Amino acid sequence: MPRRFIWLTIALSALLTASTAFGASFGKVVPIGGQASDLALDEARGVLYIANFTANRVDVMQLANGTIQTSINVASQPSSLALSPDGHYLVVAHYGNFAAPATAANALTVIDLNSTGKQTFALGNPPLGVAFGLDNKALVVTSMEFILFDPALGTTQVLNTIAGVTAKTLPQPPANFPTQITAASVNVSGDSLKIYGLTDTIGFSYDVTSKAIQSFFYTSAPPLGPRVVSVNQDGSLWLAGWQELDAQFRFVNNFPGATGALNIGSSVFDNARGFIYAQIPDSTAPVGTPPTLLVADADNLNIRQRLLLPENLAGKSVISSDGSVVYAVSDSGVVILPVGSLNQAPQVGATQQSLLFRGGFCNTQVSSQQLTIANPGGGNVPFSITSDTPGVTVTPSSGTTPAVVTVNVTPRLFLNVAGTTTATLTINAPGAVNIPRTVKVLINNSQPDQRGTQVNVPGTLVDILPDPSRDRFYIIRQDTNQVLVFDGSSFTQIATLRTGNTPTQLAITFDRRFLLVGHDNSQQIFVFDLETLQPTTPITMPPGHYPRSVAASAKAILAAVRSASGPNTIDTVDLITRTASTLPSLGVFTNTISASTVLVASPNGGSILAVESDGNVLLYDATVDSFTASRKDFTALGGAYAASSFHQYVAGSNLLNSSLVPIAKLETASGLPSGFSFVDQVGYRTTAASGTSAGVIERVDLVSGTGIRATRLSEAPLLGSVAFPFTRTLAPLYSRNNFVVLTVSGFTVLPWNYDSSVAAPMIARVVNAADFGPNIAPGGLITIFGTQLSPVNLATNEIPLPTALGDSCLTVNGAPVPIIFVSPTQINAQLPFQTAGQTQLVLHTPGGVSDTFNLTILPGAPAVFSVPNGSALPVPTVVRNSNNIIATESNPIHRNDVLIIYLTGLGDTNPAGQTGLPSPSSPLAIAINQPTVSLGGVSLPVLFAGLTPGQVGLYQINVKVPNNVPQGLSVPLVISQGSGTTTISVRVVD
């Protein structure tokens, strides 16, 4: 291993710089006594060449220790430099564009690194940048031409001319920096076969193999700053300031909210990890926000981490060949970023993104959940946590990683809130180099008349779409640039689809084969094959067009676009060629729309409705392939939008006919419109007074617009914002069994007959969940049989287990009971550890409250679980430790075996079990009342009896089988604990 990389591991702490305002920062600053304008990395010689623009020299930094020991004096204003791939030549371009009467001093300096000889060549025009290709020839870009320069021969060849580039003249006013003066950047791909560059007005590429130049003119507001070009390994992607392009100059993704400052920031591709490291100043960041390095996915700019920088970056970055270190031009000179050792740097973050607390009529006691605070590198970093909401506390509120803290919520403080309150936990870690993400705490206190089962899905969710041909639905998670795919029966996530930057809306093609995804910060529509859930070739929009909304009719696919240069338009999409073009007009109407316009197609493909926030509505008719209606009967619109197959449409709270004439005003007393769906000739809608209200779902009479049987939701559906005023939150599923509503904490599931009268629940019997016997114990798993126990079938993977599931909740002596599964006839749950003796169980559902069911909870009630055994009878879960397979007739128990018996009902443990939470692995939770085990009348030594680590309510007994146990096909295995006994039969052989 080269010595310089050994030093990186040893000296990592030296690359973490203290910052009194925000904590530690990532990287080491190397001042150069001037202003750096470019970098070249020479790993063979162990040095970094730094063009010192204002000091007229090339500083040489030693990679081994990050110090500058020598400098190479060169001509004035070394603005860019490049190292030949063979390491022989360093070419330095000098930006000497002095205004008359001063003499221009534009030139190239060639430094022979083998002999240290130097030679300077005059240039007729100011050089904007230089980069070497794999052929060891340098592309020199001036304000007038592209020149191919051979440093070995000193010859130049003009490849092409440039028009429309105006170079700034020297001298410039004070406080101008190299990137602002040259206003250009040139860089090469990792394989040295493609060179890209950018000026104030043109972008270009150079193919080293064919020597072909391609260029394009552009305008940009804000400017494409920072003025840095970075390129990936094969030249298929390149970043120009805040905009990512592909090799065909298609604008793929961009960082949102960029200020456009040319002299602040940098970027570089980490090809091995698939990342981009970038500082892109954000116009939306609060004043005083420190310089921040983004670690983003290279394919869609999804931000994975934010790291604190010691100072602003200010130009090109380069990365070592092994991806361990990034060197970036900065305000002082160079910042060294040991990205390969990032996990060794002190970082702090929570492993959970959100916590959902369910209180209300079943639970008014203080609820607690655990939150894990960790450092990816495993080191100890101090932290503190603060809550922005009274009634939400953290204990302890400070500590050192790794740590598990307890988040406590007092539900009674939120009893007057019918919906969900969102609190925020902020993690502060002065010694960490990253900016920790906040954690959401969601507190819901829904009452018995509020319908729907919440499923907690973290992140920024912005659109939902059911699949008309498949039992699944799709949700956009905008903060991670993903589409989440859910099964429509189990409501579990089955796939994640990666999109472009800032996905906004979904559509399905009329043939129901492809899923289309529009974006706000990508000039492409992503396309996924719904049979394979794999990405296919995306649709390229016209330059500057961001397809925020997409809809597919039987005739055409349309996209409502936000245009970077205006006006905003509706474009038509060719799915075969995967291209789009702007419609010349919208029928007889001009093709000018607002940026917030949304489109939606009717299910039969006959029409597409366009709704604008300023009150305009338009209608595309697939039969005539044109827009046939445009009206403005409203001063503003927002919220729901929908189209039916029966020539009816919804915009906000308005029902429209086939000419888009308003025919009914939907009620507004329940709040703002959120979602609307036409199902055959029936309408369904969701509304909410606010994000913390209960929310309402109701049927709608499509003749009068009257709401029918308005029903309160367990929490509010999502509402629009200023930037995105329209929302689609209601999804009727393909099976016609359930609705899914996009709500505050994720989504809420409702049965199809959510508004039907529901009978009160009736409990028939309560048994242990293992063998369905009558004996139960504290902390054990139980099964409840009866009728009307829940309006839906639903299981949960949430930890801790929720105390309300599927609109059903249980109490024992008034204490909430964690629930695992609900259905109309069965509930699986865990008894609280604190219960014992004569107790009373009550079930609450939307239909009412069950009669009290009296229980006797024994200190110990062992019951062994069974599992299916093909066509034979189920077999008990007695596992042979030697092969980790359940004992059966074909896998019998042997003498001297160690057996693991999985069961429930062993009762209290030491340390005490935590209801609804997995059992710890250290220390193990050991049953206080130790059981006895015999096999064929022979006592078995008990090696362990207690809770199974990592499981909820599951116990295990580990025993050793003596060599004197009797053999047989059906030998009784007896487990006794206090007054509780259970017997199973097993086969034993020698």
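Residues numbered from 1 in each chain as written. Predicted model: local features only at pLDDT ≥ 70, side-chain atom pairs only at ≥ 80, totals over all residues. Heavy atoms only, no water.

It is not clear to me how the overall build of the protein should be interpreted in this structure. Could you clarify?
Helices and strands together make up the secondary structure of the protein, namely 2 helices and 93 strands. A compact globule built from 990 residues should have a C-alpha radius of gyration of about 30 Å, and the protein, at 34 Å, falls within 12% of that. Considering only C-alpha atoms, the protein reaches an extent of 105 × 75 × 55 Å along its principal axes. Counting across all 990 residues of the protein, residues that qualify as buried make up 57%. Of all intrachain contacts in the protein linking residues separated by at least 6 positions in sequence, the fraction that spans at least 24 positions is 53%. Counting every atom, the protein has about 37,200 Å² of accessible surface; 53% of that belongs to carbon and sulfur. Each charge sign in the protein was given a centre, from 45 positive and 54 negative side chains, and these centres are 2 Å apart. (Helix = DSSP H or I, 4+ residues; strand = E, 2+ residues; numbered from the N terminus. Rg over C-alpha atoms; globule rule 2.2 N^0.38 Å. Buried < 20%, exposed > 50% of the residue type's maximum accessible area, 1.4 Å probe, protein only. Contact = heavy atoms within 4.5 Å. Areas by Shrake-Rupley, 256 points an atom, 1.4 Å probe, with all protein chains shown as cover. Lys, Arg positive; Asp, Glu negative; His and termini not counted. Charge placed at Lys NZ, Arg CZ, Asp CG, Glu CD.)

Just checking my understanding: could you explain the pairing of strand E24 (residues 266-270) for this structure?
On a regular strand, one side chain projects to one face of the sheet and the next to the other, so that they alternate. A large share of E24 lies buried, amounting to 5 of its 5 residues. Counting the residues in the hairpin turn of E24 and strand E25 (residues 275-279) gives 4 residues, including Gly274, whose phi is positive at 75°. (Pairing = 2+ DSSP bridges.)

Is there a simple way to explain the nonpolar core in this structure?
Nonpolar side chains tend toward joint burial in soluble globular proteins. Of all hydrophobic cores here, the largest spans 36 residues; its most connected members are Phe473, Phe747, Ile784 and Leu810. Excluding its chain neighbours within four sequence positions, the residues that come into contact with Phe747 are Thr453, Gln454, Val455, Val457, Phe473, Ile475, Phe486, Phe491, Val740, Val741 and Leu742. (Core = buried A, V, L, I, M, F, W, Y, C linked by side-chain atoms within 4.5 Å.)

Is there a simple way to explain the packing of aromatic side chains in this structure?
Pairs of aromatic rings are described using the distance from one ring centre to the other and the angle between the two planes. This structure, assessed with the given rule, holds 21 aromatic pairs. Considering the side-chain rings of Phe146 and Phe204, the 4.9 Å spacing of their centres and the 70° angle between planes classify their relative orientation as edge-to-face. Of the two residues, Phe146 is situated in strand E14 (residues 145-150) and Phe204 in strand E18 (residues 202-207); the sequence distance between them amounts to 58 residues. Accessibility classification places Phe146 together with Phe204 in one group, the buried group. Relative to Trp752, the ring of Tyr684 has its centre 6.1 Å away and its plane inclined at 55°; by these criteria the two rings are tilted. Note that Tyr684 is positioned in strand E62 (residues 682-688) and Trp752 in the loop between strand E67 (746-751) and strand E68 (762-768), a separation of 68 residues in sequence. On the basis of relative accessible area, Tyr684 is assigned to the buried category, the value being 4%. (Phe/Tyr/Trp six-rings, centres within 6.5 Å; stacked < 30°, edge-to-face > 60°.)

Teacher, can you tell me more about the pattern of salt bridges here?
Going through the model one piece at a time under the given rule, you end up with 28 salt bridges. Across the pair Arg358 and Glu798 runs a salt bridge, and its minimum N-O distance is 3.1 Å. On the criterion of sequence distance, the pair formed by Arg358 in strand E32 (residues 354-358) and Glu798 in the loop between strand E70 (794-795) and strand E71 (804-805) is long-range, its members being 440 residues apart. (Salt bridge = Lys/Arg side-chain N within 4 Å of Asp/Glu carboxyl O.)

Sorry, what's going on with the sheet that holds strand E60 (residues 662-665) here?
By way of backbone hydrogen bonds, the strands of a sheet pair with one another, either parallel or antiparallel. Read across the sheet, 4 strands follow the order E57-E58-E59-E60 without closing on themselves; strand pairing throughout is antiparallel. The two strands at the open ends of the sheet, each matched to only one other strand, are strand E57 (641-643) and E60. Averaged over all pairs of adjacent strands, the angle between their axes in this sheet comes to 25°, without regard to strand direction. Bridge analysis of E57 against strand E58 (residues 649-651) gives 3 bridges, and the strand direction is antiparallel. (Axes fitted to C-alpha atoms, helices over the stretch in contact; angles between N-to-C directions.)

Before we go on, may I ask you to explain the sheet that holds E68 in this structure?
Overall, antiparallel pairing links the 5 strands, which are arranged E68-E69-E75-E74-E70 in an open sheet. With partners counted over all chains shown, the strands left at the sheet margins are E68 and E70, one partner each. Alignment of E70 against strand E74 (residues 819-822), held across 2 bridges, turns out to be antiparallel. What sits directly across from Ala795, in E74, is Phe821.

How should the confidence of the model for the protein be read in this particular structure?
Interpreting fine coordinate detail is not advised for predicted regions of low pLDDT. Model confidence for the protein is summarised by a mean pLDDT of 93, while 97% of its residues fall at 70 or above. Overall, residues 1-13 carries pLDDT values under 50, and its contacts beyond four positions in sequence, including any with other chains, amount to 22 contacts. (pLDDT = per-residue confidence, 0-100.)

It is not clear to me how the pairing of strand E52 (residues 579-582) should be interpreted in this structure. Could you clarify?
Two strands pair when backbone bridges link them, and strand E51 (residues 569-574) and E52 are joined in this way by 4 bridges, in the antiparallel orientation. Its bridge partner being in E52, Asp571 is matched across the sheet by Thr582. Connecting E51 to the antiparallel partner E52 that follows it, the hairpin turn spans 4 residues, and Arg578 within it adopts a positive phi of roughly 60°.

When you look at the side chain of His545 in this model, what are you seeing that I'm missing?
Residue placement: His545 occurs in strand E49 (residues 545-552). Judged by its relative accessible area of 8%, His545 falls in the buried class.

Would you mind going over the environment of Leu515 with me for this structure?
Relative to the helices and strands, Leu515 resides in strand E46 (residues 514-519). For Leu515, a relative accessible area of 0% translates into the label buried. Taking C-alpha positions, Leu515 is 60 Å from Gly978, a pair spaced 463 residues apart along the chain. In contact with Leu515, other than residues within four places in its own chain, are Leu465, Tyr474, Val483, Leu497, Leu506, Ala507, Ile508, Phe526, Val527, Phe528 and Leu530.

Which parts of the structure should I look at to understand unusual backbone geometry?
A negative phi angle is the norm for most residues apart from glycine, just as the trans form is the norm for most peptide bonds. Omega for the peptide link from Ala221 to Pro222 comes to 0°, which places this bond in the cis form. Here Pro222 is to be found in the loop between strand E19 (212-217) and strand E20 (229-231). Following Asn910, the chain continues into Pro911 via a peptide bond in cis, with omega recorded as 0°. Here Pro911 shows up in the loop between strand E86 (909-910) and strand E87 (926-927). With a phi angle near 50°, Ala183 is a residue other than glycine that sits in the positive phi range.

Sorry, what's going on with the environment of Glu311 here?
Secondary-structure assignment places Glu311 in the loop between strand E27 (303-308) and strand E28 (313-319). When its relative accessible area of 14% is taken as the criterion, Glu311 is described as buried. When the C-alpha atoms of Glu311 and Lys440 are compared, they prove to be 31 Å apart, with 129 residues separating the residues in sequence. Those residues in contact with Glu311 that lie beyond four places of it in its chain are Val29, Pro291, Ser330, Asp331, Ser332, Gly333 and Val335. Looking at Glu311, its side chain comes within polar contact range of the main-chain nitrogen of Asp331, at 3.4 Å. (Polar contact = N/O pair within 3.5 Å; in protein donor to acceptor, adjacent residues only side chain to side chain.)

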